[in-house]
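# A structural walkthrough
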Amino acid sequence: MADNMIAWDLGADRVLVLTIDDPSQATNTMTEEFARDLTATVDRLESEKDTFDGVILTSGKDTFFAGGDLNLLMNAGPADAESIAAGLDTYKAAFRRIETLGKPVVAAINGTALGGGFEIALACHHRIALDAKGSLLGLPEVTFGVLPGAGGVTRTVRLLGITNAVLNVVGQGRRMKPAKARQVGIVDEVVADRDEMFARARAWIAANPGAVQPWDAKGYKIPGGSPSSPALTANLPAFPATVRKQLKGAPMPAPIAVLSTAVEGAQVDLDTAFAIETRYCANLICGQVSTNMIKSLFFDLNSINKGASRPAGFARRKAEKVAVLGAGMMGAAIAYVTAQSGAQVVLRDVSLEAAERGKDYSRGLLDEAVAKGRITPARRDEVLGRILATDNVTDVKGADFVVEAVFEDLELKKKVFAEVEPLLAEDALIATNTSALPLSEMVTAVGRPRDFIGLHFFSPVDKMPLLEIVVGENTGDEALARAFDFAQQIRKTPIAVKDVYAFYANRVIAQFVDQAVAMLAEGAHPASIEQATTQAGFPVGALALLDEVNMKTTLKIQRGAIAAATAEGSTYVETPGTPVQERMVEEFDRPGRLAGRGFYDYAQDGSRLSLWDGLREHFHKPEVEIPFEDMKERLLIAAALEAARCVEAGVVRTVADANIGSLFGIGFPAWTGGAIQYINQYDGGLGGFAARADDLRAKYGDRFEVPESLREMAAAGKDFG
Ligand code: NAI
């Protein structure tokens, strides 16, 4: 047993401490070796159980256990269903033997325990979590398109009842801090230090020699009732409706499978429930959606967040004093995330009043967090204390980092750079948050072009995770490295993009919304357009989205895009939706939500009411019938084609960046794994995708022209990787 990664340490007090520590990895995961060692350990537990009175299960790493082997899950296809199911059953059997050993078993969760790692803890009789820094607990499988298949759904349903288990643990895959996990009920105790964790574990073992799981106790009933209880039966029909409402018809199999596992499993005995769970889980693992989601939302995202594209050879730097110029919507929010990251912020606007109004934005968010108990008043004061609101430009003196967010006006921006530059630290990085102006024209006002870069934030800045780092022609590698460091400091996901009109994400989104509006121009029913958008998996209807952004803005962007494309000699100047937007703004004066009217009507408080009746009168042609499948695919394919063009033209540097940029920047449907992964996994591969795009082009116009590089890859039987 010497080479077992689960160390066996029997104390004089007859408490056995099992410490999981996989020497081949930084964190413990469910590898084949782990499965083998676990089974060997369980064999030994059973054969030597007379030598100990209880077991403490813990980990030798900083984290407890990271979970399933996502590499294995990602690569599984339909042919692997049986071996996947067998693998799940191996864990289920081992966990079941642990919880029926006849000795109390306590999980001493010394750090993050997610997915499979938390399922091990669920098989213990008692769970004590250490409140370690950054520690997260939970069953996040659904966020990768799978479900907890090592007993996780079955045990949480039996521990908490269907409602609590689905809503708070398995349904949305929340990762919780220990205190939250305690509140939800998936851990029993939270402790502040390791010694206390072990002392409490020993005390619990001493006090509970005959511990059994709740579901193995006599007279056990599922909390809140089994589905046959009248109270629950009355509520159950609402469950699928709630999930479907959340999904808005998007093809996301995991949340529905979680629900089915929970509801079906609650009506049968434990073993049958386990079998049901295995079947649903194996199907998900072998499907395409989980592959897409694991690839992009786990592997690509982690490597991007770790700075995979950061130029090497430059020491990491933290921005210390950040000057945010312009305290409007963007500046105020950039100041907030920057102050949160520990930097001093000078928030400068033309009047003190405007600057203070900008700072009030942070105050509002921080007050709200205090009210909800998420932060202490002291933390609020500390963050607010880092923001200096000012109208005096000399306050930026010595800043090592500048983010400019004044009006979108080239001459104004140039004036602002010239004004601040002499005051800055010698090697200060100067960034602009322009959404469309070329860096190449602004840079003439900057003395050190190598230190000039774009940081394109997305609104609302505190919620949107993406940051496009715009690399100008003269931008140096060191500046780029520092921009990546800043993204990490403020916890954004950075992608480097080329200095082209509208950069990356907005180019892609423009194609998707333009198709939606084009369909309106063709006479499609406006409600069908919205339905097609959400059924494709986008988070909100395309017309609702345009109202949010405001059509005055989108028209400006589109006209700019047409001018830029014409100047570049591109053929992609046609935007079939533009005339509709022009009529909405100019003829009907309905630019969007802020005005209280757009494609939708809005209430006084800004909440969306219903689609404007005038749409049917002015645009809808009842005789026109666009097949619903075409409607959905026009939205997806138009956006995906633009993403492919951006990859071809080097607007983005990697396929991973293209996928994450589309998921995080525009809300491209998560089930696809991103706009390029959508093409990769299209039925028939790239060839199938190109054929479908050709078909759409014949029916709906040149926006569906396939880039040459895509055809070449298709011919060579390749994909984007
Ligand atoms: P805004 O109009 O809300 O704020 C601009 C602020 O700059 C105003 O408070 C104004 O008083 C101030 N200002 C004007 N001249 C100044 C000067 N000389 N010194 C300091 N402050 C000055 O505009 P918003 O929406 O915050 O946009 C700012 C920039 O961010 C623009 O370049 C915009 O294109 C870009 N952007 C906007 C996004 C959005 O969703 N609104 C998204 C990404 C970028």
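Residues numbered from 1 in each chain as written. Predicted model: local features only at pLDDT ≥ 70, side-chain atom pairs only at ≥ 80, totals over all residues.

This part is about the site of the ligand. In the vicinity of the ligand there are 23 residues, among which Gly326, Gly328, Met330, Glu408 and Ser459 approach most closely. At the level of secondary structure, the elements contributing two or more residues to the shell around the ligand comprise helix H14 (329-340), helix H17 (410-420) and strand S16 (452-457). Here the shell around the ligand takes 3 residues from H14, the largest share from any one element. Among the residues making up the shell around the ligand, the classes are represented as 12 nonpolar, 8 polar and 3 charged. (Near = placed C-beta within 6 Å. Helix = DSSP H or I, 4+ residues; strand = E, 2+ residues; numbered from the N terminus. Nonpolar A, V, L, I, M, F, W, Y, C, P; charged D, E, K, R; others polar.)

Residue placement: Glu426 occurs in the loop between H17 and strand S15 (429-432). Along the sequence, Glu426 and Gly398 sit 28 residues apart, while their C-alpha atoms lie 8.1 Å from each other.

Of all 9 residues that make up helix H5 (residues 152-160), 8 are buried, and the element is covered over most of its length. Taken together, the buried positions of H5 are occupied by Gly152, Val153, Thr154, Arg155, Thr156, Val157, Arg158 and Leu160. In this structure, the buried side of H5 is in contact with helix H4 (116-122), helix H6 (162-170), helix H11 (253-265) and helix H12 (270-286). Two residues or fewer after H5 comes Gly161, characterised by a positive phi angle close to 90°. (Buried ≥ 20, exposed ≤ 12 C-beta atoms within 10 Å, placed from the backbone. Contact = placed C-beta atoms within 7 Å.)

Let us look at the sheet that holds strand S13 (residues 387-390). Backbone-to-backbone hydrogen bonds pair the strands of a sheet. The strands run either parallel or antiparallel. Strand order in the open sheet formed by 8 strands is S13-S12-S11-S14-S15-S16-S17-S18, and the pairing between neighbours is mixed. Two strands lie at the open edges of the sheet, namely S13 and strand S18 (493-498), each paired on one side alone. Sheet twist, expressed as the mean angle between neighbouring strand axes with direction ignored, is 25°. Relative to S13, strand S12 (residues 344-348) is paired through 4 bridges, and the arrangement is parallel. Pairing of Leu347 across the sheet is with Ala389, part of S13. (Pairing = 2+ DSSP bridges. Axes fitted to C-alpha atoms, helices over the stretch in contact; angles between N-to-C directions.)

The extent of an interface is frequently quoted as the accessible surface area lost upon association of the parts. As far as domains go, the protein chain holds domain 1 (6-286), domain 2 (321-498) and domain 3 (505-715). Measuring from the centre of the C-alpha atoms in domain 1 to the corresponding centre in domain 3 gives 42 Å. Taken together, the contacts link 5 residues of domain 1 with 5 residues of domain 3. Partitioned by chemical class, the residues of the side of domain 1 that touches domain 3 number 3 nonpolar, 1 polar and 1 charged. (Domains from an automatic or database assignment.)

Here we take up the pairing of S18. When you tally the buried positions in S18, you get 5 out of 6 residues, the bulk of the element. Alignment of strand S17 (residues 466-471) against S18, held across 6 bridges, turns out to be parallel. Pairing of Leu467 across the sheet is with Pro494, part of S18. Regarding the hand of the β-α-β motif, the stretch spanning S17, helix H19 (residues 477-489) and S18 is right-handed. (Right-handed = clockwise from strand over helix to strand, strands pointing away.)

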